[in-house]
Amino acid sequence: MSIAAAFMVPHPPMIVPEIGRGREEEIRETIDAYEAVAGEIAALRPETIILSSPHATTYSNYFHISPGYSARGNFAEFGAPKVSFDMQYDVSLRERICMLAEEADFPAGTEGERKKALDHGTMVPLWFICRRYTDFKLIRLGLSGLSPAEHYQLGEMIRQAVEESGRRVVYVASGDLSHKLQDYGPYGYAPEGPEYDKRIMDVAGRAAFDEMLRFDEDFCDRAAECGHRSFLIMAGALDGTAVKAKTYSHQDVTGVGYGICSFYPEGPDPERQFRKAYLSEMEQKVMEMDQRSDPYVKLARRSLESYILHGKTVELPEDLPPEMYTQKAGAFVSIHKEGQLRGCIGTILPTEDSVALEIIQNAISASVRDPRFSPIRPDELPLLEIHVDVLGEPEDIDSEEELDVKRYGVIVQKGGRRGLLLPDLPGVDTVEEQIDIAKRKAGIGPEEKVRLQRFEVVRHL
């Protein structure tokens, strides 16, 4: 049996009367929609509810699935400790999901529990559901910093596990929309906020999950959205299926977007295998970029592919431009996958006898030694976009006024701590932001005085 239905819901704690104490009436439209959804779930009588929450345990490179046999939680954090939940987990279905992930060498499982108590992103949907229906077990998922396609892929594994189990399952994707819809909201206003809400509600209303995969990451960050990755897992659980979508409500009166939609499967539809089509499109894009790339980027790709596939450092080629053998310079190799950073390692000053050797070593380090990311897997290689920045000589400057985020990179130094940020990066629009990020990378406090240097780069694409 496949997923019986899926629902996209928000999780504002104030919607619970014991927390809102009357303020919940501000979002009465959302409450009424939630009640309708809870009634539909009760009518479906699922044996298991799978729920993804942005506030469950989250890692940058791993999907956490809550372990154990049960979990409890309450709203004490929001002043309502008596509103509590004691949920039983569906252990056998969870184990099947984890087994499928292990067989595919996919980064998901029950390791590393950090939040044993139920989070509010889980409990708000449960508050509505459990008032109507309680005869179900739960599986709780966290999100990750991995790519949109990998969130969707987890949903596909969930669907396979559900079909193999024969369970009657409902999927609940918990997540608010933008947090930047109004000046008076908790996070202020950004023009991307209303645009995100408009787009995601349109996409959800049409069940156009292929478009959901294509939201720009920088756009989503500027909108301060909460639930996009949760919705992507849900979408993956409905892959290859015709879907009847319904929009119940959308509100933005608190400065945060709350949207509620339902998705009912209506039988197989091979035309809706969206991740497969999306990856094919991405691979074609990378292939075309490779064909246009210069020798610096080609060398970086050759280096990381040799190391990842064969564990060997590539020999220095004999067909490079002469300056790559004679020039010495620091160089950064940046790797992106589906628009997201996947690794970036470099050297400020030269450490090798030529920039070519510098690139070979830094490409390996960026692909397998960046501490922020797990090592790149062989199956990821066709999706990787690679940039090489060759650094000019750093020069001391006296003030921030001598910086330009588009032209110059910055180096900040305080004692033995040093941080660097390259120029012309997406989402870094001011010198203040550039310096602040470089300080954070070095572990330097925002108010600490630092020595400043600037440098120019030659960017190779």
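Residues numbered from 1 in each chain as written. Predicted model: local features only at pLDDT ≥ 70, side-chain atom pairs only at ≥ 80, totals over all residues. Heavy atoms only, no water.

## Considerations on the overall build of the protein chain
The cut-off we apply is this: Strands here are runs of E lasting at least two residues and helices are runs of H or I lasting at least four, both read from the DSSP assignment and numbered beginning at the N terminus. Restricting the calculation to C-alpha atoms gives the radius of gyration, and the globule rule supplies 2.2 Å times the number of residues raised to the power 0.38. Think of it in three bands: with a 1.4 Å probe and only protein chains considered, a residue is buried below 20% of the maximum accessible area for its type, exposed above 50%, and partly exposed in between. Contacts between residues were defined by any pair of non-hydrogen atoms, one from each residue, lying within 4.5 Å. What sets the accessible areas is the Shrake-Rupley method with a 1.4 Å probe; for residues, cover comes only from the shown protein chains. Charge convention: Lys and Arg are scored as positive, Asp and Glu as negative, and His as well as the terminal groups of each chain are ignored. We put the charge of a Lys on NZ, of an Arg on CZ, of an Asp on CG and of a Glu on CD.
The helix and strand inventory of the protein chain stands at 14 helices and 18 strands. For a compact globule of 461 residues, the expected C-alpha radius of gyration is about 23 Å, and the protein chain comes in at 24 Å, within 12% of that figure. Overall size of the protein chain, expressed as C-alpha extent along the three principal axes, is 75 × 45 × 35 Å. For the protein chain, the residues scored as buried account for 55% of the 461 residues in total. Expressed as a percentage of contacts within the protein chain between residues at least 6 apart in sequence, the contacts between residues at least 24 apart total 77%. Just so you have it, the protein chain exposes about 20100 Å², and 48% of that area is on carbon and sulfur atoms. In the protein chain, which carries 54 positive and 77 negative side-chain charges, the distance between the mean positions of the two groups comes to 4 Å.

## Some points on the pattern of salt bridges
A side chain with one charge may pair with a side chain of the opposite charge, provided their charged atoms come close. Just so we agree on the cut-off: By definition here, a salt bridge exists when the distance from a side-chain nitrogen of Lys or Arg to a carboxyl oxygen of Asp or Glu is within 4 Å.
Enumeration over the complete set of coordinates arrives at 34 salt bridges. Linking Asp 86 and Arg 72 is a salt bridge whose minimum nitrogen-to-oxygen distance equals 3.3 Å. Of this pair, Asp 86 sits in strand S5 (residues 80-88) while Arg 72 sits in strand S4 (residues 70-75), and the two are 14 residues apart along the sequence. Accessibility expressed as a relative area gives 59% for Arg 72, which makes it exposed. The salt bridge involving Arg 96 is made with Glu 164; its shortest N-O contact spans 2.5 Å. Of this pair, Arg 96 sits in helix H3 (residues 91-103) while Glu 164 sits in helix H5 (residues 148-165), placing them 68 residues apart in sequence.

## Looking at the sheet that holds strand S14 (residues 395-397)
Counted only if it meets this: Strands pair, by our definition, only if DSSP identifies at least two bridges between them. Here an angle of 0 to 180 degrees is reported between the N-to-C directions of two axes, which are lines fitted to C-alpha atoms, with helices fitted over the stretch in contact.
On the basis of which strands lie adjacent, the open sheet formed by four strands has the order S14-S17-S15-S16 and antiparallel pairing. Looking along the sheet, the strands with just one partner apiece sit at the ends: S14 and strand S16 (417-421). Each adjacent strand pair in this sheet contributes to an overall mean axis angle of 30°, direction not counted. Strand direction decides the pairing type here: S14 and strand S17 (residues 451-455), joined by three bridges, are antiparallel. Of the residues in S17, the one forming a bridge with Glu 395 is Arg 454.

## A closer look at the packing of aromatic side chains
The condition that has to hold: Only centres within 6.5 Å qualify two rings of Phe, Tyr or Trp (six-membered ring in Trp) as a pair; their planes then separate them into stacked at under 30 degrees, edge-to-face at over 60, and tilted for everything else.
Inspection of every chain in the model, using the stated rule, returns 12 aromatic pairs. Ring centres of Tyr 34 and Phe 128 lie 4.0 Å apart, and the angle between their planes is 0°; this geometry places the pair in the stacked category. Pair noted here: Tyr 34 is in helix H2 (residues 28-44) and Phe 128 is in helix H4 (residues 120-130), with a separation of 94 residues, a long-range link. Classification of Phe 128 by relative accessible area gives buried; the value is 0%. For the ring pair Trp 127 and Phe 128, a centre distance of 4.9 Å and an interplane angle of 85° mean the geometry is edge-to-face. Each of the two residues, Trp 127 as well as Phe 128, counts as buried. A network of ring pairs unites the aromatic residues Tyr 34, Trp 127 and Phe 128 as a single cluster.

## A word on unusual backbone geometry
Here Ala 207, not a glycine, exhibits a phi torsion of approximately 50°, which is positive. Summarising the element assignment, Ala 207 is placed in the loop between helix H6 (192-206) and helix H7 (209-212). For Ala 207, a relative accessible area of 0% puts it in the buried group. Phi is positive for Asp 424, which is not a glycine, with a value near 55°. Relative to the helices and strands, Asp 424 resides in the loop between S16 and helix H14 (431-442). Of the residues examined, Asp 424 reaches a relative accessible area of 38% and is grouped as partly exposed.

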